[in-house]
Amino acid sequence: MAEFTVAVANPDDGTTHQVEVSDQDANRFIGREIGDEVDGSAVGLDGYTLEVTGGSDNAGRPMRGDVPGANLKAVLLTGGTGYKPRRDGERKRITVRGREISNSTRQINARIVDTGNQPVEELLAE
């Protein structure tokens, strides 16, 4: 059974809200990829649309949009998600997770692309 923490970013005011989802709501995210849009009702935002922007797995390895599938892969990186080089030209082989959300995913990052009628703070009262 899938359980995720969804970090919902609101680009209008720069805030981020963390929402725990499980069961049927979590199943709406399984199989989606970075860049896909999801109905906001999965996290309690009725009338909103969310775009998946990234995430990480149980061990904290980041998801990368340029790695296909949901499996782990060791890729040679020169920068970007998962690796920050200290010198010019530095490269390193890093294990990252693919762009597809699976049961191994623990956190999903998403941002609001279409807003609903009610404010986000009202719907996600914490």
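Quick summary incoming for the structure in this document. (Residues numbered from 1 in each chain as written. Predicted model: local features only at pLDDT ≥ 70, side-chain atom pairs only at ≥ 80, totals over all residues. Heavy atoms only, no water.)

## Focus on the nonpolar core
Turning to step 1, where the next piece is worked out: Core analysis: the largest hydrophobic core is formed by 22 residues, its most contacted members being F4, V6, V21, F29, V43 and L45.
Turning to step 2, where the next piece is worked out: When near neighbours in sequence (up to four residues on either side) are disregarded, V21 contacts A2, E3, F4, V6, A26, F29, A42 and V43.
Turning to step 3, where the next piece is worked out: Ranked by size, the runner-up nonpolar core spans 6 residues in total, among them V67, L77, Y83 and V96. (Core = buried A, V, L, I, M, F, W, Y, C linked by side-chain atoms within 4.5 Å. Buried < 20%, exposed > 50% of the residue type's maximum accessible area, 1.4 Å probe, protein only. Contact = heavy atoms within 4.5 Å.)

## Regarding the packing of aromatic side chains
Turning to step 1, where the next piece is worked out: In the structure shown here, the tally under the stated rule is 1 aromatic pair.
Turning to step 2, where the next piece is worked out: Between F4 and F29 the ring centres are 6.4 Å apart and the planes differ by 80 degrees, which places this aromatic pair in the edge-to-face class. One end of the pair, F4, is in strand β1 (residues 3-10); the other, F29, is in the loop between α1 (23-27) and β3 (37-39), with 25 residues separating them in the sequence.
Turning to step 3, where the next piece is worked out: Given a relative accessible area of 0%, F4 falls into the buried group. (Phe/Tyr/Trp six-rings, centres within 6.5 Å; stacked < 30°, edge-to-face > 60°. Helix = DSSP H or I, 4+ residues; strand = E, 2+ residues; numbered from the N terminus.)

## Observations concerning unusual backbone geometry
Turning to step 1, where the next piece is worked out: Positive phi outside glycine occurs at D23, with the angle close to 60 degrees.
Turning to step 2, where the next piece is worked out: Along the chain, the position of D23 falls in helix α1.
Turning to step 3, where the next piece is worked out: By relative accessible area, D23 is classed as partly exposed at 40%.

## Some details on the pattern of salt bridges
Turning to step 1, where the next piece is worked out: Under the definition given, this model contains 7 salt bridges.
Turning to step 2, where the next piece is worked out: Linking D57 and R97 is a salt bridge whose minimum nitrogen-to-oxygen distance equals 3.1 Å. Of this pair, D57 sits in strand β4 (residues 49-57) while R97 sits in strand β6 (residues 92-97); the two residues are 40 residues apart in sequence, bridging distant segments of the chain.
Turning to step 3, where the next piece is worked out: Here D57 falls in the buried class, since its relative accessible area comes to 3%.
Turning to step 4, where the next piece is worked out: For R97, a relative accessible area of 8% gives the class buried.
Turning to step 5, where the next piece is worked out: Across the pair D66 and R64 runs a salt bridge, and its minimum N-O distance is 3.0 Å.
Turning to step 6, where the next piece is worked out: With a relative accessible area of 10%, R64 lands in the buried category.
Turning to step 7, where the next piece is worked out: By sharing partners, the salt bridges in this structure join D57, R61 and R97 into a single network. (Salt bridge = Lys/Arg side-chain N within 4 Å of Asp/Glu carboxyl O.)

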